[in-house]
Amino acid sequence: MDATAGSVVWTLVGGVVTLAIFSFLYKDNPLYKLAEHVAVGVSVGFLMVNYYYTVFMPKVWDNVVHKGQFDYLIPHILGLLLYSRFVPKWGWVSRLSLAFLLGAGSGMSIAPSLESRVLKQIEGTMASLVVWVPGDAWGTILQTLVSVFLVGGTIACLVFFLFSVEHKGKVGKLAYFGRLCIMAGFGASFGYTVMARVSLLIGRIQFLTQDWWKAIGQLFS
Amino acid sequence: MKTQIPLLICLVAGLFMGLQYFIPAALPVYNRVNDYIQVVTAFSLVLGVVNLIHRHIGRMRPSGPQRRRHRDWPFSLAALVGLVVMLFAGFGTQRGPIFQSLFNSILLPVQSTMFALLAFYLASAAFRAFRVRSVDAVVLLVSAVVVMVGRLDDGGALGIPWLSRQILNGPNLVAKRAIILGVGLGMAATALKVVLGLERSYLGSGKE
Amino acid sequence: MTTVDLLQRLLVLDRRIIYALLLVCAVVPFYMNWPPIKMEVSKETQDAYDAIDAIPPDGNPLVLSFDYDPASAAELTPMAEAVLRHCFAKKIRVLGISLQYSGQGAGIAAEVMPRIAREFGREQNVDWAFMGFQPNAVVAMLQMGEDFKKTFPTDYYGTAVDKIALMENIQNYDQVPAVLTLAGTAVAESWVTYPGMRYGVTILTGLTAVYVADIVPFYQSGQIKGMLGGLKGAAEYEKLVAHPGSGTAGMRSQKVVHYMIILFIILGNIAYLATRGRSR
């Protein structure tokens, strides 16, 4: 089988499994389940092979066996301890590895989280309230309004999430404004989500109507 | 011992990784710890794989009082066949063309199509569930519709593309920023609780 | 049958009819070249393009991180193709990596990168390289800040990093003009939070549309220098590189389906409001 014939066959297979998954729209059926399960097996195999070549060999095997960096046995032992979960009596030993992963991961996240998600975001909000656009009065007014809205809107949204103060009177009005902003934000997210999901469908339709259709034509010619 | 040693490891690892940002001399140890995390994470990935294989083999074995197989056992067999074929293709050809083709022609279409199904469910949900029952819902709906129209076609009428950008960079931005601020503070607080041993859910119930 | 009866029946319409209508709306535009689409390049896309365009030819590479799996491929692969075409046409070097946790981003990159490189006759390991995937995205990002070669001791194809000419001068992010992460998950935020903060590396993002609204604050605060959003972002980039691809082709369908969904929402609400009194 030459390369072209091979690629036609693979394209045909891709089309068949695509249709098998789409068949779920009618109802759950064995064809769908078969495609789904085969894909699960393939995905696990893909991970294992890639893991072996890009992680195990260069980072695990080479470091210990070829470079003699025996301290790398520590993470190996910790890694192996994770498998103690399969032996109920020794299951607790896996906590040592988990504690290392969680402790190190948590520790390294504290400062960047505060810097990126808190300080930088506050910095982004606290820009100059009056924005001067040279030679453009309308632009100046608009940009200034945007700046004021950024500060006021962010405070209003934060007030909405502040439950230690009762949302009554002026606080209540501010919180309500924040709530409307949040709703508009969720609306935008919904709009984008629709866009994303439709894009995925379009991707599959492009494949079926172009590549797959062409492959069928090649099969019969 | 079953609790104290993990808590101690968590504390030491957490404090070191938290403080190394401020101690340049700790860089070599920091690099080593990062390497260690990578290796342990790699083992944890395989843990998931082992779990999955274990589950599918379990479904193929006769069990229960009537010694019956799980009714979906043929599909479990299919999953294991898929796995074995992929392993042969991967190791046999050192990730050659067959390995890549199996990825391109099975994994990629199946996963893509699974998520493409969501477009259908979304359309159905839009028809059945998206109701304007309150002012909040109206704001949400209007915002969604404006973004759906405005982000798509810059030739859209009534200044909708402009309005769409204003929603994205105005109300959406302030709402998401408030959430990011909250999440940032929450993440830092939770991480600190984990390091200090105040958050111990990862230790499980302690009965095993 | 009264109008209200009709609307009530509409409310219990079989879902398969909705599915069929959606399918027709998505398929027909491919065959009719309709409806027309007017597309302008957004500021976010232009910023990303300018940042990549400013990278000197045959110099230090753009790091292109394939941080997505097949579920997001329909939106992000057109972006990857457009960006690679831009780079290869301008002789900008590209260093591909993947930090998507299941390694499937590597499978996508291993198909896309060689294919586009062949179009432009760019040489592997000299003009472009693909280093494969590493688990634990955050740690890998931080490791690259100290030592790229230690993070990726071999490339995806098993070649030792010392034998890859492109990697000769790459020690850490100091030699990387920009990182473009193509992501369908929070990995993009991790790029901003960890290497973005610690090493000050220029972060550009190519995101699935789902994630765009959430990441806008990072773009506004300057933590992200440029952003491609969804299929539209891909189509805009394709316009900039004057090579219409699958992003542009899909926009007509997208438009028809969006209007159909909006029509569904309106119809559903009319039916709901008209029959509300009766159901009470």
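In this report, we go over the structure that sits alongside the text.

About the cut-offs
- Residues numbered from 1 in each chain as written.
- Chains lettered and ligands numbered in written order.
- Predicted model: local features only at pLDDT ≥ 70, side-chain atom pairs only at ≥ 80, totals over all residues.
- Heavy atoms only, no water.
- Salt bridge = Lys/Arg side-chain N within 4 Å of Asp/Glu carboxyl O.
- Helix = DSSP H or I, 4+ residues; strand = E, 2+ residues; numbered from the N terminus.
- Buried < 20%, exposed > 50% of the residue type's maximum accessible area, 1.4 Å probe, protein only.
- Contact = heavy atoms within 4.5 Å.
- Buried area = accessible area lost by both parts, 1.4 Å probe.
- Polar contact = N/O pair within 3.5 Å; in protein donor to acceptor, adjacent residues only side chain to side chain.
- Core = buried A, V, L, I, M, F, W, Y, C linked by side-chain atoms within 4.5 Å.
- Domains from an automatic or database assignment.

Re the pattern of salt bridges
- Going through the model one piece at a time under the given rule, you end up with 17 salt bridges over all chains.
- The partner of Glu189 of chain C in a salt bridge is Arg117 of chain A, and the shortest N-O contact between them spans 2.8 Å. With one member in each of two chains, Glu189 of chain C in helix H8 (residues 187-198) and Arg117 of chain A in helix H4 (residues 94-125) form a pair that bridges those chains. Neither residue differs from the other here; Glu189 of chain C and Arg117 of chain A are each classed as buried.

Re the interface of chain B and chain C
- In this complex, chain B contributes 51 residues to the contact, which on the side of chain C involves 65 residues.
- Between chain B and chain C, the buried area comes to about 5,300 Å², and carbon and sulfur atoms account for 61% of it.
- Sorting the residues of chain B by area buried against chain C places Gln38, Phe127 and Leu152 of chain B first, and these three jointly supply 15% of that buried surface.
- Our count for the contact surface shared by chain B and chain C stands at two salt bridges.

Describing the interface of chain A and chain B
- The interface of chain A with chain B comprises 107 residues on the first partner and 107 residues on the second.
- At the boundary of chain A with chain B, total buried surface from both sides reaches about 10,000 Å², with 79% on carbon and sulfur atoms.
- In terms of surface lost to chain B, no three residues of chain A exceed Trp10, Trp92 and Arg95 of chain A, which account for 7% of the buried area on that side.
- Of the charged contacts, one joins Asp136 of chain B and Arg179 of chain A as a salt bridge, the two residues approaching to 2.4 Å between their closest N and O atoms.
- Summed over the shared surface of chain A and chain B, the result is 21 residue pairs in polar contact (both at pLDDT 80 or more).
- Elements with a minimum of two residues in the side of chain A that touches chain B: helix H1 (3-22), helix H2 (30-66), helix H3 (73-81), H4, helix H5 (137-160) and helix H6 (169-220) of chain A.

Observations concerning the nonpolar core
- Leu201 of chain A together with Ile52 and Ile261 of chain C are the most contacted members of the largest nonpolar core, which has 108 residues in total.
- Tallying contributions element by element places helix H4 (residues 97-128) of chain B first for this core, with 15 residues.
- Here this core gathers at least three residues from each of two domains, domain 1 (3-34 + 252-279) and domain 2 (43-244) of chain C.
- Not counting chain neighbours up to four residues away, the residues in contact with Leu201 of chain A comprise Phe22 of chain A, Ala116, Ala119 and Phe120 of chain B together with Leu22 and Ala26 of chain C.
- Counting residues in each nonpolar core, the second largest holds 63 residues, with Ala137, Tyr211, Ile215 and Val216 of chain C among its members.

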